[in-house]
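# A structural walkthrough
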Amino acid sequence: MTGKETAPFGKGSHLHLIDGSAYIFRAYHALPPLTRKSDGLPIGAVAGFCAMLQRYVENNNGPEAATHIAVIFDKGSITFRNDIYPEYKAHRPPLPEDLRPQFPLTRAATAAFNIAYKEIEGFEADDIIATLAREAAEAGGRVTVISSDKDLMQLVGPAVCMFDPMKNKLIDADGVIEKFGVAPDRVVDVQALAGDSVDNVPGAPGIGIKTAAQLIGEYGDLDNLLANAAQIKQPKRRETLINFADQIRVSRRLVQLDAQVPLDFTLADLVLRAPEPEVLLGFLTEMEFRNISKRVADKMGVDAPMIAAATAKGIAEKSAPKTVAPPPPDAPIDHAAYVNINTPEMLADWIDAIRAQGYVAFDTETTSLDEMQAELVGVSLALVPGRAAYIPLGHRMAAGDDLFADNRLTEGQLPLEVVLNALRPVLEDPAVLKIGQNIKYDVKIMARYGVHLAPVDDTMLLSYALHAGLHNHGMDELSERYLNHRPIPIKELIGSGKSAVTFDHVPVEKAVAYAAEDADITLRLWQHFKPQLPQSRVTTVYETLERPLIPVLTRMEMAGVQVDRDTLSRMSNAFAQKMVQLEEEIHAAAGRSFNVGSPKQLGEILFDEMGFQGGVKGKNGAWGTGADVLEDLATEHALPGLILDWRQVAKLKSTYTDALQDHINPDSGRVHTSYSIAGANTGRLASTDPNLQNIPVRTEEGRRIRGAFVAPAGKVLVSLDYSQIELRILAQIAQIDALKEAFQQGLDIHAATASEMFNVPLDQMTPEIRRQAKAINFGVIYGISAFGLARNLRIPRDRAQGFIDRYFERFPGIRAYMDQTIAFAKENGHVRTLFGRRINTPEINAKGPHAGFARRAAINAPIQGTAADIIRRAMIQMDPAIAHLPARMLLQVHDELLFEVEENAADELTAIAKRIMEGAADPAVHLDIKLVVDAGRGQNWAEAH
DNA sequence: TACTTCACG
DNA sequence: GACGTACGTGAAGTAC
């Protein structure tokens, strides 16, 4: 398929527009859940979809035949209508697990039939159809909309009709009148009044299509009806129309299709093209559709291909140019077979092949792990296993190659700008999937070069959705585990330690082998992991909680947060002075000089030389000198307290006031963290380089560091955090009525727990009793043990056991939850969050001390993980919801989101963000308890929090 | 590189 | 009856 043919659209032209999403759903529900035999990929909807397209193509002849055609799809579920009415389509049941992965394949199927397809973010397929129908009518041609969706009936007119493929029936203006009782141009008015329960359009209560049509017939149109509502005779109807006028107007905006969608193509691009037998049969063969292949082959007068055992062969194999000819299936990793793309012709060949296939594995090589500073050195591509290439772009002379110009680019590389301009259309093409390993990194790099990679798939996140808890998800580890292949270590190219060089100084030949291998491995991992999502029942997790987070985090990380260097610098100086002073006092108290930062030396002084009792040696024979130990000793001597003071200051200085300054990006003047999506087993994010999720807050001294995180002039920081989200989730998951009740009443949950446990009325609660209850509440979330509670509360173990017994007695559901969770883990090898996230528990059946850890982790994971899922959902919904505001989401700290917003928009931002966070579980999961979000704002993070 | 300590939720 | 424990992270510094 070249995709380059066009033919002008005008008088005598006939445009057919197929409602693709309707086709998919009909196909899905009409057929049993078929899977591809070779690998289990769910394929039923694709099969039905292809059959329907084939039937359409066969019947497209005669006087009504199309001269131009397109299949129009919905893209995403959030559109401008959600801004008008957030509840729009909110009652839709969630997509079936095995349907979503078929969406890209239906696009590929359409392409294989050589039919244009279109989808546009933020608009429904109906809007695109409306726009194309308008343009076609204006150009003097005719339009047939192939759909049975009544929402499209408003488009019918002299040049536009509909065809219902279910009933094989043409719908013209008379057909519309039959359905709605009014002419097509008043359909919107009737729908606005009648509402629609399927799309959750509210309409006017108590008024259906019949009544609506009658009213519109009487008053001419909706505006006139509402203007004269007071004259309506029937009292009930009159009141409804007056009281719900606004709701009716909103409903009209919801049902009114937008015929002005900005399009990046023209009608001429949609010219009818005959399918190319090789391409179409290639696709059908890859899908292993025997019947349709045979039928297509018969109709086209060619031989049907044999459908053999599964291979990774695809369309690329059938139509790819010579330089990208396919390797044999399951080719072993062969570094010599990788290609160095260094001519424009080769580049063009590869781009054509990528387009034809519809997906490509993609990887970047750069000079740094810091995406905000790294320079692009090359990109690699892989189409099918074994067939991968590297495009060197920024390789430079190795030092010493040329004494006078060792920073020059080496010969034989295509110019960076030329390559990026050539690749940009495919890398940004919504029809071409870019597959990466930790692709957020590559998305950020490319964004800095003006290329906006989308859509993307990520093998790291696929592995995370499938295997969280089993192992880490770095490429080397995944390759060894799942491909049985050890990739070239990066050390062999750039060295390590002090003598390490950057990738731009690696010779191109070595870079080709290394970089192309990465893309090759990524592609193979993708082929291995992707089909496993449905059978592990994590498709929804991957599609709604993992993949959509990539662009959200990309924006947050690239935005960064402003940090005031002067404040940090002054604090560092003050801390340095204080440390010197404390060191003198410490040496005096110890009676000799030693390295205060050495726990080993300190332990020897305290327990061997000074003779303190109660020391505990760790497994390496060194005395423990942790804060809890020193706090106990502080009552007996000045030294431990001084050490604690020194450690606090040293920590704040080295980890925060010093290190944060080094992380201020010289270009942006801001600090850019990096979030790892697949770092924590439970679904939490982790923040690195620097970690902005552990900025001090608990001590006064430390809180001053938060004061250095500031809003730029004219802006403020807004912080919103969930109140007690994990305890609320515990109440929900374990169904603890007393706990749920306390939350619904808005009580202080720790005080309420204390009251229940110790029979103390709330108005007589003391801080001490409350503190104990708080420790127990947290203990429960962590998989409580008497030992742990005793240590935390510094009480005897039997007393701690007494507390736990009483807690279980008063909240019997907790015990049951813990027992059931452990039993489930033992049975299934994993636990799940409320949203279906799977956390594997491989050690749960182990013997010995491992088992205790595994049990507590299994109890904690659904709670911590559900909270993580909820804030992920909030973050994903947040971007479109605040897009219209001068505001940016900057940081996530597990239960808190930090925003930067222009002062005059802070109120609106706070209201929207709060609403989204509190409603983030809906509609996927219904919670009995409500989520509560507290908000604050200020010039800096300390004030906002 | 392993271990300890300590910052956060 | 004993194991040795609160759950989840990342960074810095010392010691080997």
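Counting from 1, residues in each chain are numbered in the order their sequence is written. Chains carry letters from A onward and ligands carry numbers from 1 onward, assigned in written order. Restriction of local features to residues with pLDDT of at least 70 applies here, the model being predicted, together with a cutoff of 80 or more for giving and counting side-chain atom pairs; totals for whole chains, interfaces and linings are based on all residues. Side-chain figures throughout are based on the complete set of non-hydrogen atoms in the structure, without hydrogens or water.

## Looking at the overall build of chain A
Note on conventions: DSSP H or I runs of at least 4 residues are helices, E runs of at least 2 residues are strands, and numbering of each starts at the N terminus. When helices and strands are counted, chain A shows 39 helices and 22 strands. Here chain A has a C-alpha radius of gyration of 32 Å; the compact-globule value for 945 residues is 30 Å, and the two agree. In terms of overall dimensions, chain A has a C-alpha envelope of 105 × 85 × 55 Å along the principal axes. Accessibility here uses a 1.4 Å probe with only protein chains present; expressed as a share of the type maximum, an area under 20% marks a residue as buried, one over 50% as exposed, and anything in between as partly exposed. Looking at the 945 residues of chain A, the share that counts as buried comes to 52%. Any two residues whose heavy atoms approach within 4.5 Å at even a single point are treated as in contact. Pairs at least 24 apart in sequence give 68% of the contacts found in chain A among residues at least 6 apart. Per-residue accessibility takes into account occlusion by the displayed protein chains alone, with areas from the Shrake-Rupley method and a 1.4 Å probe. Summed over its atoms, the accessible surface of chain A is roughly 41,800 Å², and 51% of this surface lies on carbon and sulfur atoms. Placing the 98 positive and 121 negative side-chain charges of chain A at their respective mean positions leaves the two points 4 Å apart. Throughout, the radius of gyration refers to the C-alpha atoms, and the reference size of a globule is 2.2 Å times the residue count to the power 0.38. Positive charges come from Lys and Arg, negative ones from Asp and Glu, while His and the chain ends are left out of the count. Think of each charge as sitting on NZ of Lys, CZ of Arg, CG of Asp or CD of Glu.

## Here's the deal with the domain arrangement of chain A
Interface size is commonly expressed as the accessible area that is lost once the parts come together. In terms of domain boundaries, chain A breaks down into domain 1 (14-270), domain 2 (277-311), domain 3 (321-326 + 334-536), domain 4 (567-671) and domain 5 (726-865). As used throughout, domain bounds are those supplied by an automatic or database domain assignment. Using C-alpha coordinates to define each centre, domain 1 is positioned 41 Å away from domain 3. At the junction of the two partners, domain 1 supplies eight residues and domain 3 supplies five residues. Note: buried area is the sum, over both parts, of the accessible area (probe 1.4 Å) each one loses when the two are combined. Across the domain 1/domain 3 interface, buried area totals approximately 560 Å², and carbon plus sulfur atoms make up 61% of it. It is Asp39, Glu97 and Tyr117 that lose the most area in domain 1 upon contact with domain 3, and together they represent 41% of the buried surface on that side. What makes a salt bridge here is a side-chain nitrogen of Lys or Arg within 4 Å of a carboxyl oxygen of Asp or Glu, nothing more. Applying the counting criterion to the domain 1 and domain 3 interface returns zero salt bridges.

## A word on the packing of helix α19 (residues 475-483) against helix α21 (residues 508-529)
In this analysis an axis means a line fitted to C-alpha atoms, helices contributing only their contacting stretch, and an angle means the value between N-to-C directions, from 0 to 180 degrees. Where α19 meets α21, the axes come as close as 10 Å, and the angle between the chain directions of the two elements is 55 degrees. When the axes of α19 and α21 are compared, the pair comes out oblique. The crossing of α19 and α21 is left-handed. Counting all contacts with α19, which are made through Met475, Leu478, Ser479, Tyr482 and Leu483, the residues of α21 involved are Asp518, Ile521, Thr522, Arg524, Leu525, His528 and Phe529. Working definition: roughly parallel below 35 degrees, roughly antiparallel above 145 degrees, roughly perpendicular at 65 to 115 degrees, and oblique for all remaining angles. Should the near helix be turned counterclockwise from the far one by less than a right angle, the crossing is left-handed, whereas a clockwise turn marks it as right-handed.

## A closer look at the UniProt feature "domain: 5'-3' exonuclease" (unreviewed entry) in chain A
UniProt positions are given in the numbering used here, feature names are shortened, and annotations may be inferred rather than shown by experiment. In this numbering, the UniProt entry assigns the feature "domain: 5'-3' exonuclease" (unreviewed entry) to residues 13-273. Between the end C-alpha atoms of residues 13-273 there is a gap of 14 Å, over a span that is 42% helix and 10% strand.

## A few points about empty space enclosed by the protein
Detection works on a 1 Å grid of protein atoms alone, calling trapped sets that fit a 1.4 Å probe cavities and calling open sets with protein on both sides within 12 Å along at least five of seven lines pockets, with lining residues defined by an atom within 4 Å of a point. Grid points are joined across faces, edges and corners, and a volume is the space filled by probe spheres set on the points. Counted according to the given criterion, the structure contains three cavities of 30 Å³ or more. The space that makes up the largest cavity amounts to roughly 90 Å³. In terms of lining, the largest cavity is formed by Arg81, Tyr88, Glu124, Asp126, Asp151, Gln191, Asp196, Asp199, Val201, Leu254, Val255 and Leu257. Any residue that is not Ala, Val, Leu, Ile, Met, Phe, Trp, Tyr, Cys, Pro, Asp, Glu, Lys or Arg is counted as polar, Gly included; the first ten are nonpolar and the last four charged. Residue composition of the lining of the largest cavity, grouped by class: five nonpolar, one polar and six charged.

## A closer look at the sheet that holds strand β20 (residues 887-892)
The strand order across the open sheet built from four strands is β20-β21-β17-β22, with neighbouring strands paired in antiparallel fashion. Strands at the two margins of the open sheet, each flanked by one partner only, are β20 and β22 (933-938). This sheet shows a mean twist of 25 degrees between the axes of neighbouring strands, independent of strand direction. Pairing between strands is defined by DSSP: at least two bridges between the two strands are required. Where β20 and strand β21 (residues 896-902) come together, five bridges link them in antiparallel fashion. When the sheet's bridge partners are listed, Leu891 is paired in β21 with Leu898.

## Details of the nonpolar core
By convention a nonpolar core is built from buried Ala, Val, Leu, Ile, Met, Phe, Trp, Tyr and Cys residues, the set being connected through side-chain atoms within 4.5 Å. Grouped together as the largest cluster of nonpolar side chains are 200 residues, with contacts concentrated most on Ile341, Tyr722, Met875 and Phe899. Among the elements that make up this core, the one with the highest residue count is α21 (13 residues). Ignoring any residue separated from it by four or fewer positions in sequence, one finds Ile341 in contact with Met346, Leu347, Trp350, Leu381, Ala389, Tyr390, Ile391, Pro392 and Leu414. Phe9, Ile120, Ala136 and Phe265 belong to the second largest nonpolar core, which has 51 residues in total.

## Looking at the protein's contact with DNA strand B
Working definition: residue near molecule or strand if any one of its non-hydrogen atoms lies within 4 Å of it. In the neighbourhood of DNA strand B, 21 residues make up the surrounding shell, with Thr625, Lys651, Val697, Arg698 and Asp895 lying closest. Protein-proximal atoms of DNA strand B, defined as those within 4 Å of the protein, fall in sugar or phosphate at a share of 77%. Here Asp895 contributes a side-chain N or O atom positioned 2.7 Å from a sugar or linking oxygen of DNA strand B. Among the elements that line the surface near DNA strand B, the one with the most residues is helix α28 (residues 638-662), at four residues. Here the surface near DNA strand B is built from residues that sort into seven nonpolar, nine polar and five charged. Pairs of N or O atoms within 3.5 Å make up the polar contacts considered here, provided that, within protein, one atom can donate a hydrogen while the other can accept it, and that residues adjacent in sequence are counted only when both atoms are side-chain atoms.

## A word on the environment of Gln820
Mapped onto the elements, Gln820 comes out in helix α36 (residues 812-828). Judged by relative accessible area, Gln820 falls into the exposed class, the value being 56%. Taking the C-alpha atoms as reference points, Gln820 and Thr753, 67 residues apart in sequence, are found 23 Å from one another.

## With respect to the protein's contact with DNA strand C
The environment of DNA strand C is made up of 36 residues, and the closest members are Ser598, Asn681, Asp689, Phe787 and Arg791. For DNA strand C, the backbone portion of the atoms within 4 Å of the protein, that is sugar and phosphate, comes to 66%. In this structure, Asn691 approaches DNA strand C through a side-chain N or O atom, which is 2.9 Å from a sugar or linking oxygen. Side-chain polar atom of Arg791 to a phosphate oxygen of DNA strand C: 2.6 Å apart, as the coordinates give it.

## Here's the deal with a positive patch on the surface
Each patch is assembled from residues with relative accessible area greater than 30% and no salt bridge, linking like charges that lie within 9 Å and nonpolar side chains (Val, Leu, Ile, Met, Phe, Trp, Tyr) that lie within 5 Å. Where like charges cluster on the molecular surface, the positive patch consists of Lys826, Lys847, Arg855 and Arg856. Tracing the backbone shows Lys847 in the loop between β19 (838-840) and α37 (849-882). Lys847 sits in the exposed class, given a relative accessible area of 75%.

## Some remarks on helix α32 (residues 749-758)
For α32, the tally of buried residues reaches nine of ten residues, placing the bulk of the element in the interior. Taken residue by residue, α32 has Ile749, His750, Ala751, Ala752, Thr753, Ala754, Ser755, Met757 and Phe758 as its buried positions. Lining the buried residues of α32 we find α30 (725-733), α31 (737-744), α33 (767-781) and α35 (797-810). With a side-chain oxygen lying 3.1 Å from the backbone nitrogen of His750, the N-terminal cap of α32 falls on Asp748.

## Considerations on the pairing of strand β5 (residues 160-164)
In terms of burial, β5 is largely enclosed, as four of its five residues are buried. Bridge analysis of strand β4 (residues 142-146) against β5 gives four bridges, and the strand direction is parallel. Following the sheet pairing, Val143 is matched in β5 by Val160. The pairing of β5 with strand β6 (residues 169-171) spans three bridges and is antiparallel.

## Brief notes about the pattern of salt bridges
Scanning all chains against the criterion turns up 49 salt bridges. Across the pair Glu121 and Lys75 runs a salt bridge whose closest N-O atoms are separated by 3.8 Å. Highlighted residues: Glu121 in the loop between β3 (116-118) and α5 (125-138) and Lys75 in the loop between β2 (68-72) and α3 (80-84), separated in sequence by 46 residues. Lys75 sits in the partly exposed class, given a relative accessible area of 23%. For Arg888, the salt bridge identified is with Glu900, shortest N-O distance 3.2 Å. Taken together, the positions of Arg888 in strand β20 and Glu900 in strand β21 put the pair twelve residues apart, joining distant regions of the chain.

## Some details on the packing of aromatic side chains
Stacked, tilted and edge-to-face are the three classes applied to pairs of Phe, Tyr and Trp rings, where Trp contributes its six-membered ring and a pair requires centres within 6.5 Å; stacked means planes under 30 degrees apart, edge-to-face means over 60, and tilted covers the rest. Inspection of the entire model under this criterion finds twelve aromatic pairs. Where Phe73 meets Tyr117, the ring centres are 6.0 Å apart and the plane angle is 75 degrees; that geometry is what we call edge-to-face. One end of the pair, Phe73, is in the loop between β2 and α3; the other, Tyr117, is in strand β3, and 44 residues separate them in sequence. For Phe73, a relative accessible area of 0% translates into the label buried. Ring-pair connections join several aromatic residues into one group, and the members of that group are Tyr23, Phe49, Phe73 and Tyr117. Throughout this description, the term charge over a ring refers to an Arg CZ or Lys NZ atom that lies within 6 Å of the ring centre and within 35 degrees of the ring normal. Taking the ring centre of Phe73 as reference, the NZ or CZ of Arg107 above it sits at 4.0 Å. The aromatic ring of Phe265 is capped on one face by Lys118, whose charged end is 4.2 Å from the ring centroid.

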